[in-house]
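# Observations on the model geometry
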Amino acid sequence: MRTVSVFALLAAALVVSAAAGILVGAVAIAPGDVLSALLGAEGTNGTIIRELRLPRVLGAALVGGALAAAGALLQGMLRNPLADPFVTGTSAGASLGAVLAVALGLEPALVPLAAFGGAMAAIALVWRLARLGGRTTVLTVLLAGVVLTSFAGALVTFILVSSDRLALRLRAVLGWLQGGISVINWSELAVAGLVVAIGVIGALLLAPRIDAYAFGEETAAALGVDLDRTTAAVLATTALLTGAAVAIAGLVGFVGLVIPHALRFLLGATHRRLVVASIPAGAIALVLADLGARTALAPAELPVGVITGLVGAPFFLFLLVRSRREIV
Amino acid sequence: MSSVVARAIRAGYREREVLRGVDLVAHAGELVALIGPNGAGKSTLLRVVGGLLRPASGSVTIDGVDVTTLDRRSIARHIAVVPQVFETLFPFTVREIVALGRTSRLGPLGTLGADDARAVARALDDIGATDLADRRIDRVSGGERQRAVLAMALAQEAGVLLLDEPTAHLDPAHQRATLDRVATLARLRGLAVVAVLHDLNLAAAFASRVVLLADGTVVRDGGVGDVITSELVGRVFGPGLRVVAYDGQPIVIPEPASVEERHARAG
């Protein structure tokens, strides 16, 4: 009963936040005109709504849903609420892949795939490093994530400054890196949407098996989980979701951390519920954060990563303090 | 009705060989206690039997089937392992934890069917934990958590049950209750049970057979009275443990090292 009400609430909130995202913006457009623009009316309003606001709201929803689902999977497998694509360095790897693709002049539609490649390399590397001691501990995952994030960040800056192609658009690229959904078109959205869809299907199939990690990897194996295959599948799915999210919005932190954690209070720990609920909840959170980013200092725009960072970082510290004893 | 047979097991980690040719047999209905000093290789043997550690040589068979030829899912349908209870940071309910025992029988979409619900309810009932089912695992006592994890393993409906120090964090009353329950289930359901036990008195009270392990080899495998003797306990565990008979059952009593000290205290 509780589960049903939570999901009904999420569905309603998703509709309301999407509507708010489309209705509110730098240019005031009356709700009636928004509706007719959505239905295909020509003119400036039509362009603003169909080419700017709608793809942006959809992009934010995709990014939020993807990051939250990836966070729920990672947290479940590492059995720790401190993990997410951002703190494990997966997002940084994805941003390196994306920047490299742009610097090499690849097709824009290939950027999400390059971001996926970067994310996959990053999370595989972090996992390898964390396993060196034989046992995977969250502390080593986080440390490796921090190191990798700095390293990838340094490489990204190096590429930005040295690439002629990017130097001209330095400001735009820096804004994107900070988590901006401002520049997005329908074809980018379609590719990213496809990648997210594949990732979401993977996440939903993996979710029921993730619960078996509750008492650690050895117990998961004893319960019948093929560790090598499942771990690889979770990492690949996380990389797909993160890659698509980063290709659209750059480094948006903490959505994957906060959303699954908050949902656990409402829905309990079972991942078959948690992963499903993370998708709309992450979407809502990022659509609202993006709305805040473009209205807080209007007509100037904040990168959405600034909003999620301001909310998420203190939350991360709060969790860290609370679980200090368990993560070592 | 299953029996598990491990023959000539050699196994270890990296360059360190822990088990040097060990045999272990557990038949349906038996509770075999695995005892021995720290580092003897008890937990390693349990991991090998459970298919969690590949032996360097030797074989493990369940009803004649070689475990190394089975995938994880099939092994989990034959062998259940009761883990030492760890904390989980997530608010699973006891019922959800018990349902983890059904992981090896999940459908492709990961759904639980009527059979699974029945197995979970029966496991909760077997362990007397039905009233705990909807409580959160991180909010129950250590003894209750132990019961939940035991019920999780029972829900696997495997013929072989392996327990690694199932009583490590329990008070004496809960230690007794846990082993009593396991021994009863072994008899009633025809489970083949192997339990690593540190407490020799618990082993003496509940085991149908005792295997004494030291330095990676079996020192003796036999009835309680044949294995837990003054001579063997002194030889394997060292001095300071006296074995006396009480009600036909050996009791191990720790003693101060010096005789004078003992007398001083008694006096």
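Residues numbered from 1 in each chain as written. Chains lettered and ligands numbered in written order. Predicted model: local features only at pLDDT ≥ 70, side-chain atom pairs only at ≥ 80, totals over all residues.

## Describing the overall build of chain A
Quick note on the threshold: Counting from the N terminus, the helices are DSSP H or I runs at least four residues long and the strands are E runs at least two residues long. Here the radius of gyration uses the C-alpha set of atoms, whereas the globule reference equals 2.2 Å times the residue count to the power 0.38. Three exposure classes are used, based on other C-beta atoms lying within 10 Å of a residue's own C-beta, which is placed from the backbone: buried for 20 or more, exposed for 12 or fewer, and partly exposed in between. Think of it this way: build a C-beta for each residue from its backbone, and any pair within 7 Å is a contact.
The secondary structure content of chain A amounts to 15 helices and zero strands. For chain A, the C-alpha radius of gyration of 19 Å lies close to 20 Å, the compact-globule estimate for 328 residues. Taken along the three principal axes of its C-alpha coordinates, chain A extends 65 × 55 × 35 Å. In chain A, which comprises 328 residues, the proportion classed as buried is 52%. In chain A, 77% of the contacts between residues at least 6 apart in sequence involve partners at least 24 apart.

## Observations concerning the sheet that holds strand β3 (residues 31-35) of chain B
All names here are of chain B. Quick note on the threshold: One bridge is not enough; two strands pair if DSSP finds at least two bridges between them. As a rule, the C-alpha atoms of each element are fitted with a line to give its axis, helices using only the stretch in contact, and angles between N-to-C directions run from 0 to 180 degrees.
Strand order in the open sheet made by the six strands is β6-β7-β8-β3-β9-β10, with mixed pairing throughout. Strands with a single pairing partner mark the edges of an open sheet, and in this sheet they are β6 (79-82) and β10 (217-222). Strand after strand, the sheet turns through a mean of 15 degrees between neighbouring axes, direction not considered. By the bridge criterion, four bridges tie β3 to strand β8 (residues 192-196) in an arrangement that is parallel. In the strand pairing of β8, L34 is matched with V196.

## Here's the deal with the pairing of strand β2 (residues 16-26) of chain B
Residue and element names in this part refer to chain B. Bridge count for strand β1 (residues 4-13) against β2 is eight bridges, and the pairing is antiparallel. If you follow I9 over to β2, its bridge partner there is V22. Between β1 and β2, which pair antiparallel one after the other, the connecting turn spans two residues, and R14 there sits at a positive phi close to 45 degrees.

## Quick notes on the domain arrangement of chain B
All names here are of chain B. Under the convention used in this document: In this entry, domain limits derive from an automatic or database-based domain assignment. For this classification, Asp, Glu, Lys and Arg are treated as charged, while Ala, Val, Leu, Ile, Met, Phe, Trp, Tyr, Cys and Pro are nonpolar and the rest, including Gly, are polar.
Domain assignment breaks chain B into domain 1 (4-93 + 156-223) and domain 2 (229-267). For domain 1 and domain 2, the distance between their C-alpha centroids amounts to 27 Å. Every contact between the two is made by 10 residues of domain 1 and, on the other side, seven residues of domain 2. Mapped by element, the contributors of at least two residues to the side of domain 1 that touches domain 2 are α7 (200-206), β9 (209-214) and β10. With four residues, the single largest contributor to the side of domain 1 that touches domain 2 is α7. Here the side of domain 1 that touches domain 2 is composed, by residue class, of seven nonpolar, two polar and one charged.

## Thoughts on the nonpolar core
Put simply, the rule reads: As used here, a nonpolar core is made of buried Ala, Val, Leu, Ile, Met, Phe, Trp, Tyr and Cys residues. They are joined through C-beta atoms within 7 Å.
Among the nonpolar cores identified, the biggest contains 195 residues, and A69, L73 and A244 of chain A together with L34, V98, A151 and V193 of chain B are the most heavily contacted of them. Top contributing element to this core by residue count: helix α3 (residues 44-78) of chain A, with 17 residues. Setting aside residues up to four positions removed in sequence, V193 of chain B forms contacts with A26, E30, L31, V32, L161, V182 and A186 of chain B.

## So, the environment of S36 of chain A
Its place among the elements puts S36 of chain A in helix α2 (residues 31-38). As for S36 of chain A and V126 of chain A, which are separated by 90 residues in sequence, their C-alpha atoms are 49 Å apart.

## Topic: the environment of D180 of chain B
In this fold, D180 of chain B is placed in helix α6 (residues 172-189). It is 22 Å that separates the C-alpha atoms of D180 of chain B and V4 of chain B, two residues lying 176 residues apart in sequence.

## Concerning helix α1 (residues 2-23) of chain A
Residues and elements named next belong to chain A. Put simply, the rule reads: Under the convention used throughout, the expected extent of a helix is 1.5 Å for every residue step, that is, one less than its residue count. What the arc describes is the spread of directions from the helix axis to the C-beta atoms.
If you check α1, its first and last C-alpha atoms are 31 Å apart, about what 22 residues at 1.5 Å a residue would give, namely 32 Å. Every buried residue belonging to α1 is among L10, S17, G21 and I22, and all of these are buried. All buried residues of α1 lie within an arc of 130 degrees about the axis, which places them on one face of the element. In α1, the exposed positions that point more than 90 degrees away from the buried face belong to V4, S5, A8, A11, A12 and V15. Each element contacted by the buried residues of α1 is listed here: α2, α3 and α13 (271-295).

## Focus on the interface of chain A and chain B
Taken together, the contact between chain A and chain B spans 27 residues of the former and 24 residues of the latter. The set of elements that each furnish at least two residues to the side of chain A that touches chain B consists of α9 (186-210) and α10 (217-222) of chain A. Classifying every residue of the side of chain A that touches chain B gives 12 nonpolar, seven polar and eight charged.

## Thoughts on the sheet that holds β2 of chain B
An order of β2-β1-β4-β5 (chain B) is seen for the four strands of this open sheet, with the pairing classed as antiparallel. A strand with exactly one partner marks an edge of an open sheet, and here the two such strands are β2 and β5 (65-66) of chain B.

## A few points about the packing of helix α4 (residues 90-103) of chain A against helix α5 (residues 111-131) of chain A
Packed helices, taken two at a time, are described by the angle between their axes plus the distance between the axes. Residues and elements named next belong to chain A. To keep things clear, this is the line we draw: When describing relative orientation, an angle under 35 degrees is termed roughly parallel and one over 145 degrees roughly antiparallel, while 65 to 115 degrees is termed roughly perpendicular and anything else oblique. Rotating anticlockwise by less than a right angle from the far helix to the near helix defines a left-handed crossing, while the corresponding clockwise rotation defines a right-handed one.
Direction vectors running N to C along α4 and α5 enclose 140 degrees, while the axes themselves pass 6 Å from each other. Relative to α5, α4 is oriented oblique. Remark: the crossing between α4 and α5 carries right-handed chirality. Across the interface between the two elements, T90, A92, G93, A94, L96, G97, A98, L100, A101 and V102 from α4 touch V111, A114, A115, G117, G118, A119, A121, A122 and I123 from α5. For the contact of α4 with α5, the per-class residue count stands at 14 nonpolar, five polar and no charged.

## Thoughts on the pairing of β3 of chain B
Residue and element names in this part refer to chain B. Summarising burial for β3: five of the five residues are buried, a large majority. Side-chain alternation along β3 places L31, A33 and I35 on one buried face and V32 and L34 on a second face that is also buried. In the sheet, β3 pairs with β9 via four bridges, with the strands oriented parallel. Looking at the pairing, A33 lines up with V210 of β9.

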